[in-house]
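Descriptive structure summary
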Amino acid sequence: SYTRSMIPLIVAILSSPPPTAAQVIEAARVESKATSRPIFVYFGASWCSWCRRTDALLADPDLDEAFQKSFVIAKITIREKPENRHLENADWELV
């Protein structure tokens, strides 16, 4: 079935590493230039309660719409615990 044939693709996507911090910033820069919106960069980690609050705030439908209209949002994941290091955007220290 169609669903079964998608499983290898889904596994590949989920197991691929996140983009590097430089790639996140470059993509935001390109979008910012094309849309004339400033870049809103924020840093976070899965263990950080304030970071999760920021994620929830930005996910609020009312705020999300306003932020999307006003900014190009670029999130960079940093300083994860060893078991979650795979979530980090590599080279975040350079940004």
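The present account deals with the structure reproduced in this document. (Residues numbered from 1 in each chain as written. Predicted model: local features only at pLDDT ≥ 70, side-chain atom pairs only at ≥ 80, totals over all residues. Heavy atoms only, no water.)

The next subject is the side chain of R37. Locating R37 in the fold gives a position in the loop between α2 (21–35) and β1 (39–44). You can call R37 buried: its relative accessible area is 14%. A distance of 2.4 Å separates a polar atom in the side chain of R37 from the backbone oxygen of Q68. Every residue in contact with R37, bar those within four places of it in the chain, is listed here: E31, S32, Q68, K69, S70, F71 and V72. (Helix = DSSP H or I, 4+ residues; strand = E, 2+ residues; numbered from the N terminus. Buried < 20%, exposed > 50% of the residue type's maximum accessible area, 1.4 Å probe, protein only. Polar contact = N/O pair within 3.5 Å; in protein donor to acceptor, adjacent residues only side chain to side chain. Contact = heavy atoms within 4.5 Å.)

If you walk through the whole model with that rule in mind, you get five salt bridges. The closest approach of N and O atoms between E65 and K69, which form a salt bridge, is 3.2 Å. Taken together, the residues E65 and K69, both in helix α4 (residues 61–70) and four residues apart, mark about one turn of the helix. (Salt bridge = Lys/Arg side-chain N within 4 Å of Asp/Glu carboxyl O.)

Now for the packing of aromatic side chains. Taken as a whole, this structure holds four aromatic pairs when the rule is applied. The positively charged end of R53 is found above the aromatic ring belonging to W50, 4.3 Å away from the centroid. (Phe/Tyr/Trp six-rings, centres within 6.5 Å; stacked < 30°, edge-to-face > 60°. Lys NZ or Arg CZ within 6 Å of the ring centre and 35° of its normal.)

Here we take up the side chain of E88. By the element assignment, E88 lies in the segment after β2 (72–77). Within the structure, the side chain of E88 is placed 3.3 Å from the backbone nitrogen of R79, a separation counted as a polar contact. Side-chain polar atoms of E88 contact the side chain of W92, separated by 3.3 Å. Setting aside chain neighbours within four positions, we find E88 in contact with P18, T77, I78, R79 and E80.

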